[in-house]
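Okay, here's what each chain looks like letter by letter:
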Amino acid sequence: MAVKDRDRFSTATRLKLLGEQTAARVYRSQTKRQARRSRLTGRAALLALVLCSLIVALAYPIRQYVSQRAEISDLQRQQEQARARVEQLRDLKARWQDDSYAEQQIRQRLHYVMPGETGYIVIDPDAAKQSRAELGAADRPWYANVWDGVDKSDASDQ
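Residues numbered from 1 in each chain as written. Predicted model: local features only at pLDDT ≥ 70, side-chain atom pairs only at ≥ 80, totals over all residues. Heavy atoms only, no water.

1. What about the pattern of salt bridges?
Argument step 1. A full pass over the atoms with the stated rule returns five salt bridges.
Argument step 2. For glutamate 87, the salt bridge is made with arginine 90, and the minimal N-O distance between the two is 3.5 Å. On the criterion of helical spacing, the pair formed by glutamate 87 and arginine 90 is a turn pair, its members being three residues apart in helix α2 (residues 11-97).
Argument step 3. Judged by its relative accessible area of 42%, glutamate 87 is partly exposed.
Argument step 4. Classification of arginine 90 by relative accessible area gives exposed; the value is 53%.
Argument step 5. One salt bridge in this structure joins glutamate 117 and arginine 107, with 3.0 Å as the shortest N-O distance. Placement of glutamate 117 in the loop between α3 (99-110) and α4 (125-129) and of arginine 107 in helix α3 is noted, with a sequence separation of ten residues between them.
Argument step 6. For glutamate 117, a relative accessible area of 40% translates into the label partly exposed. (Salt bridge = Lys/Arg side-chain N within 4 Å of Asp/Glu carboxyl O. Helix = DSSP H or I, 4+ residues; strand = E, 2+ residues; numbered from the N terminus. Buried < 20%, exposed > 50% of the residue type's maximum accessible area, 1.4 Å probe, protein only.)

Following this line, the structure appears as structure tokens:
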């Protein structure tokens with residue numbers, strides 16, 4: 001035992017033992033680092049794969065959902081416009097049921113006069129300078145449009 005104890009306390013033995021311990025620590029730390037790196041990389045790759053597959057799987061349904069929501073809001077806007085137009089037409093129909101409104105419109109649009117009245121059409125001097133062709137169909141009286149249509153059809157027959 002004395003020889004063992006003496007070897008144990010010798011400098012060479014201590015250095016040898018210290019070197020072995022250091023080598024063991026280095027080997028263990030390298031093994032742990034390699035194990036951690038490979039395990040972390042595998043987990044990260046699996047996580048990335050799962051996330052990519054979820055994105056790919058959900059991309060088309062989400063795009064469809066968004067486009068359908070936009071289409072629904074567009075249709076709702078069109079429906080509101082149609083309802084407003086229906087209300088306007090109902091109001092106009094109710095106005096036309098009134099005899100005084102119908103008479104007013106007939107006088108204004110068709111230039112009718114009541115018996116005993118004298119009808120006058122006042123021509124604006126600036127408007128007289130414009131030719132009939134320059135005026136749009138909506139700006140002219142209806143009978144001018146009818147007469148132009150007759151002239152055009154007569155000219156096309158010749």
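2. As for unusual backbone geometry
Argument step 1. At histidine 111, a residue that is not glycine, the phi angle is positive and equals roughly 60°.
Argument step 2. The topology assignment puts histidine 111 in the loop between α3 and α4.

3. Focus: α3
Spacing of three or four residues puts side chains on the same side of an α-helix, whose turn is 3.6 residues.
Argument step 1. For α3, built from twelve residues, the straight-helix expectation of 16 Å at 1.5 Å per residue is met to within 8% by its first-to-last C-alpha distance of 16 Å.
Argument step 2. Every buried residue of α3 is accounted for by Tyr101, Ala102 and Gln105. Buried positions in α3, seen along its axis, are confined to an arc of 95° and lie on one side of it.
Argument step 3. Immediately downstream of α3, the backbone of histidine 111 shows phi near 60°, a positive value. (Expected span 1.5 Å × (residues − 1). Arc of directions from axis to C-beta.)

4. Regarding the packing of aromatic side chains
Argument step 1. Taken as a whole, this structure holds two aromatic pairs when the rule is applied.
Argument step 2. Taking 5.4 Å as the distance between ring centres and 85° as the angle between the ring planes, the aromatic pair formed by tryptophan 96 and tyrosine 101 counts as edge-to-face.
Argument step 3. For tryptophan 96, a relative accessible area of 35% gives the class partly exposed.
Argument step 4. For tyrosine 101, a relative accessible area of 15% puts it in the buried group.
Argument step 5. Geometrically, the ring pair formed by tryptophan 142 and tyrosine 143 is edge-to-face, given 5.9 Å between the ring centres and 80° between the ring planes.
Argument step 6. The exposure class assigned to tyrosine 143 is partly exposed, which follows from its relative accessible area of 36%. (Phe/Tyr/Trp six-rings, centres within 6.5 Å; stacked < 30°, edge-to-face > 60°.)

5. A closer look at the side chain of glutamine 105
Argument step 1. Note that glutamine 105 resides in helix α3.
Argument step 2. Taking the relative accessible area as the measure of exposure, glutamine 105 reaches 8% and is therefore buried.
Argument step 3. Discounting residues that sit within four places of it in the chain, glutamine 105 has contacts with Trp96 and Leu110. (Contact = heavy atoms within 4.5 Å.)

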